[in-house]
2 protein chains.
Amino acid sequence: MKVTIYHVAKEANVSIATVSKVINNNGRISEKTRKKVKDVMEKLNYRPNMLASALMGKQTKTIGLLIPDLANPFFSELARSIEDRGHELGYNLVICNTDYESDKENQYLALLMQKSVDGFILASGFENLEKVEELMKQDIPVVIVARDFPMFSVNAVALDDFMGGYLAANHLIELGHQNLGVVARDLWSNRERLRGFNHALAENDLKINSNFEFIHEIDHIKAGREMAEKYINSDNGPTAIFACNDLLAAGVIQMAKQLGLNVPKDLSVIGFDNTSIATIIEPPLTTIAQPIQSMGKEVMDLMVSIIKGEKEEKSRITLLPSLIKRKSTV
Amino acid sequence: MKVTIYHVAKEANVSIATVSKVINNNGRISEKTRKKVKDVMEKLNYRPNMLASALMGKQTKTIGLLIPDLANPFFSELARSIEDRGHELGYNLVICNTDYESDKENQYLALLMQKSVDGFILASGFENLEKVEELMKQDIPVVIVARDFPMFSVNAVALDDFMGGYLAANHLIELGHQNLGVVARDLWSNRERLRGFNHALAENDLKINSNFEFIHEIDHIKAGREMAEKYINSDNGPTAIFACNDLLAAGVIQMAKQLGLNVPKDLSVIGFDNTSIATIIEPPLTTIAQPIQSMGKEVMDLMVSIIKGEKEEKSRITLLPSLIKRKSTV
DNA sequence: TTGAAAGCGCTACCAT
DNA sequence: ATGGTAGCGCTTTCAA
């Protein structure tokens, strides 16, 4: 049989109330009793049942993390860094893949609420604010990461995506490119990057290549390939492409090579994220870096401070991207 | 206030026992009452508290997944496929990064047991069987994945690593290589791959390059680079290298290029896993494929059948690797 | 400083 | 067919 607080109490000749107090380190307990109880706990190898204490209103020390796709290196690296920080702080992570589908998002939210997680970290597409508002109304801690709702009061750790796009465009423009393509998905973050990109273009009286359109394919490498093919086979193909993530960039590069182009000589490609694949692909990818480690740490720290009630106001932490020059642009 | 079973009972003019019965679809309930209760649950938007029912001995519908490192594409893809299947079957996954450290493994196990997870899926290094035996003694469902304990009666979904190594060696040998290097970590799976590799060599009166030694670096790309450097700079450098995972292979290829070698002309490289990075790197990587999707599905299915008590005996499912020829070997 | 007892929200047994 | 009730293992007043 599993050893419970009753066994400990009996063995130590005290009440369960006393045991509970020493477990939680509160209430006034004599040093002597405390030691006696601790010894018994040790001896019996007692482990408090967290379900029971959670049922009494204590925390579950579990956070729900909703992300689009763990197989995307950006998200797996982000999840990794969030989990790391969570572990340091004593929290576990339930990780859920949403595939950018609202249905799945809602299912997971409902299920994890039934399981009484202490809060949600949302890295998912989450185009519908409603659900998020609903959570907040119920006083459930929520933090958005790698994603932003500028018009909306919510805790968030975000990247300045606009600036990222702006940096990418300027790099390309400085290199002398005038005909620029973009590969992006119709998500908030991507739209922001695109907006920053266009902003820089406008400053130089340039316009994005007319073949641009949002991609829909979920498999990013494939999406990158398809969009690259479209650009390259068009009459006025761009000389440089800004891919809104590294995976997309990898697809673009693959297709470019396949069609006989040299990257970067015939086509410059710049990515976004700076995941581990950026250094693996050939040529090494020039990309806009997101500080993934910091994002993970910040978001977990923010979550914990909210759970502990240390935050009265909503916070938004905006991290800045940076340009990493490698060999895929010239 | 959160709506509980009491609210529903009151509103529907029945007892909580009756409500419980309709929730769980058991006991004899008249169609009329059932409908009435269901309507009230709907109206009140009632969601049973899973902590409470778990405390009564029901399942938590949560599985612990221990893996070495989510940032490694093989593991993130595996985690993804396990999570997918779990979601279909109504289970959530708590994912834990162990970094191959026993300490972390033990911490996570202890913590998740306190949280009463329904079972553990272990993809981690787990060199010490003791903990695993302990879990099994306590009748906690455990399944090992991507890892095997051949001498040990435990549920497992494994790859035939020996065969994988054997395939890799034969491919290289058929290509005419005689001086073969290996990059591996001192883990069971890697040792098996190595054993299979050596077996094929022995059949051809060949021996592994004498500079071989296990790597220790956690960062696999870096480890691959370092080992490649060592091989290449030695007097009797190999003409082909078998890297025990794709990340390692990526590192090897990077370093080979950096040192001015052409892959595959000057050095053939074969990887293991067939993760998404295999097609991204240049040249596209010849590798030994693990059926990651099937592994994820099988391991989750096995876990659930154990939880449901459908398995009396231990099962070991062994999947077979296959050779994927691309451009990194010649 | 310690303990008795009342729950937390739910399940399951036993009556009715 | 339905309901009363005793827990599950723990926390938290409130008395002693």
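The name an unreviewed UniProt entry assigns to chain A is LacI family transcriptional regulator, from the organism Pseudogracilibacillus auburnensis.

Considering the sheet that holds strand S8 (residues 268–273) of chain B
All names here are of chain B. Pairing within the open sheet is mixed, and its five strands lie in the order S6-S7-S8-S9-S11. The sheet terminates laterally at strand S6 (180–183) and strand S11 (322–324), the two strands that pair on one side only. Taking each pair of neighbouring strands and ignoring which way they run, the sheet shows an average axis angle of 20°. Inspection of the sheet shows strand S9 (residues 286–289) paired to S11 by three bridges, in the antiparallel sense. The residue of S11 that forms the bridge with Ile288 is Leu323. Packing against the sheet, helix H11 (residues 246–258) makes contact with S6, strand S7 (240–243), S8 and S9, and its axis sits at approximately 160° to S8.

Quick look at the sheet that holds strand S8 (residues 268–273) of chain A
Residue and element names in this part refer to chain A. Ordered in space as S6-S7-S8-S9-S11, the five strands form an open sheet in which the pairing is mixed. The open sheet terminates on both sides in strands that have one partner only, identified here as strand S6 (180–183) and strand S11 (322–324). Between one strand axis and the next, the sheet turns through 20° on average, direction left out of account. Relative to the sheet, helix H10 (residues 220–232) contacts S6 and strand S7 (240–243), its axis offset from that of S6 by approximately 160°. Lying over the sheet, helix H11 (residues 246–258) contacts S6, S7, S8 and strand S9 (286–289), oriented at roughly 160° with respect to S8.

Brief notes about the side chain of Asn72(A)
Position of Asn72(A) relative to the elements: it lies in the loop between strand S1 (62–67) and helix H5 (73–89). There is a polar contact of 2.8 Å between the side chain of Asn72(A) and the backbone nitrogen of Phe74(A).

Observations concerning helix H10 (residues 220–232) of chain B
Its 13 residues place the ends of H10(B) 18 Å apart at the C-alpha level, agreeing with the 18 Å of an ideal helix rising 1.5 Å per residue. Looking at H10(B), one finds that the buried residues are His220(B), Ile221(B), Ala223(B), Gly224(B), Met227(B), Ala228(B) and Tyr231(B). Mapping the buried residues of H10(B) onto a view down its axis gives an arc of 160°, with all of them on the same face. Of the surrounding elements, those touching the buried residues of H10(B) are helix H12 (277–280) of chain A together with S6, S7 and H11 of chain B. Capping of H10(B) at its N-terminal end is provided by Asp219(B); its side-chain oxygen lies 3.1 Å from the backbone amide nitrogen of Ile221(B).

Considering the domain arrangement of chain A
The assigned domain composition of chain A is domain 1 (1–48) and domain 2 (161–290). Computed over C-alpha atoms, the centres of domain 1 of chain A and domain 2 of chain A are 62 Å apart.

Comments concerning the UniProt feature "domain: HTH lacI-type" (unreviewed entry) in chain A
The UniProt record annotates "domain: HTH lacI-type" (unreviewed entry) at residues 3–57 of chain A. Between the end C-alpha atoms of residues 3–57 of chain A there is a gap of 22 Å, over a span that is 67% helix and 0% strand.

So, the pairing of strand S2 (residues 92–97) of chain A
Residue and element names in this part refer to chain A. Within S2, six of the six residues are buried, leaving the element largely enclosed by the surrounding structure. Side chains Asn92, Val94 and Cys96 of S2 all project onto a buried face; the interleaved residues Leu93, Ile95 and Asn97 project onto the opposite face, where all are buried too. Bridge count for S1 against S2 is six bridges, and the pairing is parallel. Bridging from a neighbouring strand, Thr62 pairs with Asn92 of S2. Handedness of the S1-H5-S2 crossover: right-handed.

Observations regarding the protein's contact with DNA strand C
Near DNA strand C there are 26 residues, and of these Arg28(A), Thr33(A), Met56(A), Ile5(B) and Tyr46(B) occur at the shortest range. Taken together, the sugar and phosphate atoms account for 62% of what DNA strand C places within 4 Å of the protein. In the environment of DNA strand C, a phosphate oxygen lies 2.4 Å from a nitrogen or oxygen atom belonging to the backbone of Ile5(B). Here a phosphate oxygen of DNA strand C and a side-chain polar atom of Ser20(B) are 2.9 Å apart. Elements that contribute at least two residues to the surface near DNA strand C include exactly helix H2 (16–24) of chain A together with helix H1 (5–12), helix H2 (16–24) and helix H4 (50–55) of chain B. Of the residues forming the surface near DNA strand C, the biggest block, four residues, is contributed by H2(B).

Some words on the protein's contact with DNA strand D
Taken together, 26 residues form the shell around DNA strand D, and within it Ile5(A), Tyr46(A), Thr18(B), Arg28(B) and Met56(B) come nearest. The sugar-phosphate portion of DNA strand D accounts for 59% of its atoms within 4 Å of the protein, the bases making up the rest. Taking Asn24(A), its side chain carries an N or O atom lying 3.1 Å from a phosphate oxygen of DNA strand D. Between Thr33(B) and DNA strand D, the recorded distance is 2.6 Å, taken from a side-chain N or O atom to a phosphate oxygen. At the level of elements, helix H1 (5–12), H2 and helix H4 (50–55) of chain A together with H2 of chain B are the ones that each hand at least two residues to the surface near DNA strand D. The element contributing the most residues to the surface near DNA strand D is H2(A), with four residues.

A few points about the relation of the copies chain B and chain A
Here chain B sits on chain A after a turn of 180° about the axis and a move of 0.0 Å along it, with an RMSD of 0.1 Å. Such values leave the two copies arranged in the relation of a two-fold axis. Looking at chain B, 100% of its interface residues are interface residues in chain A too, so the copies touch through the same face.

What counts as what
Each chain carries its own residue numbering, running from 1 in the written order of its sequence. All chains are assigned letters beginning at A, and all ligands numbers beginning at 1, according to the order in which they are written. The predicted origin of the model limits local features to residues at a pLDDT of at least 70 and limits the giving and counting of side-chain atom pairs to 80 or more, whereas totals for whole chains, interfaces and linings rest on all residues. Water and hydrogen atoms were dropped before computing side-chain values, which therefore reflect all heavy atoms in the structure. Note on pairing: DSSP must find at least two bridges between two strands before they are called paired. By definition, any uninterrupted DSSP run of H or I lasting at least four residues is a helix, any uninterrupted run of E lasting at least two residues is a strand, and each is numbered from the N terminus. A fitted line through C-alpha atoms represents every axis, and for helices the fit uses only the stretch in contact; the resulting angles, taken between N-to-C directions, go from 0 to 180 degrees. For this analysis, residues touch if any pair of their heavy atoms sits within 4.5 Å. Pairs of N or O atoms are called polar contacts if they sit within 3.5 Å, as long as, within protein, a hydrogen donor faces a hydrogen acceptor (for residues adjacent in sequence, only side-chain-to-side-chain pairs). Working rule for helices: expected span equals 1.5 Å times residues minus one. Burial here depends on accessible area, computed with a 1.4 Å probe over protein chains only, as a share of the maximum for the residue type. Under 20% is buried, over 50% is exposed, and the range in between is partly exposed. Working note: the arc is built from the helix axis to C-beta atom directions. Delimitation of the domains relies on an automatic or database domain assignment. UniProt positions are given in the numbering used here, feature names are shortened, and annotations may be inferred rather than shown by experiment. Here, the term right-handed applies to a crossover whose path from the first strand over the helix to the second runs clockwise when the strands point away from the viewer. Being near a molecule or strand, for a residue, means having at least one of its heavy atoms within 4 Å of it. The atoms used to superpose the copies are C-alpha atoms, taken from residues with pLDDT of at least 70 in both, and the fit is least squares.

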